[in-house]
Amino acid sequence: MSQIRPLVAGNWKMNCLRTDGVALASGLAEKANAKGDLGCDILICPPSTLISDIVTVTDGSAVSVGGQDCHFAASGAHTGDVAASMLGDLGASHVILGHSERRADHAESSTLVRLKAMAAHKAGLQTVICVGETEQERDLGATLAVVNGQLAVSVPEGSTAQNTVIAYEPVWAIGTGRTASVTEVAEVHAAIRAELKIRFTDGDGFRILYGGSVKPSNARELMAVKDVDGALVGGASLKLDDFWQIIESCA
Ligand code: PGA
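Residues numbered from 1 in each chain as written. Predicted model: local features only at pLDDT ≥ 70, side-chain atom pairs only at ≥ 80, totals over all residues. Heavy atoms only, no water.

Side note on the sheet that holds strand β7 (residues 207–211)
Link 1 in the chain: Here eight strands make up a closed barrel; going around it, the order is β1-β2-β3-β4-β5-β6-β7-β8 and the pairing parallel. On average, each strand axis in the sheet is tilted by 25° relative to the strand beside it, whichever way the strands run.
Link 2 in the chain: On top of the sheet, helix α2 (residues 51–58) reaches β2 (41–45) and β3 (63–67); it is set at about 170° to β3, its chief contact. (Pairing = 2+ DSSP bridges. Helix = DSSP H or I, 4+ residues; strand = E, 2+ residues; numbered from the N terminus. Axes fitted to C-alpha atoms, helices over the stretch in contact; angles between N-to-C directions. Contact = heavy atoms within 4.5 Å.)

Here it is, written out as structure tokens:
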């Protein structure tokens, strides 16, 4: 674990109706309040329909709330989309951008992710920008080229350690129960760190999260890897006890 204060982020994806979401977030806020200083930051990213409710029940706790996507425009004729300022207006402080499910389901390019990140920063949100290779790309030995390529285009000029978090999420490890080995994680995180240091004067201060089947049983060893500054957690963030155990492993 590096000296950077870790961030544990829960990506709820398209899960939870109000009752379950509010119960999960309240339970988390209660645990965080009871614990005092955790030694790490906690973020949950529910579907945008729940942000307002979740902000209300986590208010005053150490739990921050974020969105899972935003549009690149400030406002306008974009049916079904949500502007960064709208997330901020509800009390969200972060937004996940360029998640592989959005890159795959909505054909989001790294160029689009960069435009979204610029809009989010302008609206005062912190971005969690995701990068990661597919299984085929890894098998071809293209992992670092893919990740560096996504990073170079997705992360806008002017990004800082204060407004940007990077999440390395190998696509083949998301929701599959398969996790990258500590050696694989170390190699990619070191490469990301090197790129950030070349591009940004505070590149050694950016948080680089690992994501992809993080669970209580593997969180501690993953978090011990150099340049792993926290976790982006999908499935396990929907179970309060599992998510809490992961938080405790990161702290
Ligand atoms: P997972 O998802 O933890 O369910 O693998 C991670 C993510 O997609 O952010």
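After presenting the structure, the write-up continues.
A few points about the site of the ligand
Link 1 in the chain: Of all residues adjacent to the ligand, which total 13 residues, the nearest are Lys-13, His-99, Glu-169, Gly-175 and Ser-213.
Link 2 in the chain: Backbone polar atom of Gly-234 to an oxygen atom of the ligand: 2.8 Å apart, as the coordinates give it.
Link 3 in the chain: In this structure, Gly-235 approaches the ligand through a main-chain N or O atom, which is 2.8 Å from an oxygen atom.
Link 4 in the chain: Starting from 280 Å² of accessible surface for the ligand in isolation, the protein chains cover 95%.
Link 5 in the chain: Residues belonging to the shell around the ligand are distributed by class as follows: four nonpolar, seven polar and two charged. (Near = heavy atom within 4 Å. Polar contact = N/O pair within 3.5 Å; in protein donor to acceptor, adjacent residues only side chain to side chain. Areas by Shrake-Rupley, 256 points an atom, 1.4 Å probe, with all protein chains shown as cover. Nonpolar A, V, L, I, M, F, W, Y, C, P; charged D, E, K, R; others polar.)

So, the domain arrangement of the protein chain
Link 1 in the chain: On domain assignment, one finds that the protein chain holds domain 1 (16–39 + 49–63) and domain 2 (66–227 + 238–250).
Link 2 in the chain: Placing the centre of domain 1 and that of domain 2 at their C-alpha centroids yields a distance of 22 Å.
Link 3 in the chain: Taken together, the contact pairs 11 residues of domain 1 with 14 residues of domain 2.
Link 4 in the chain: Taking both partners together, domain 1 and domain 2 bury about 1000 Å²; carbon and sulfur atoms supply 82% of that area.
Link 5 in the chain: Linking domain 1 to domain 2 there are one salt bridge. (Domains from an automatic or database assignment. Buried area = accessible area lost by both parts, 1.4 Å probe. Salt bridge = Lys/Arg side-chain N within 4 Å of Asp/Glu carboxyl O.)

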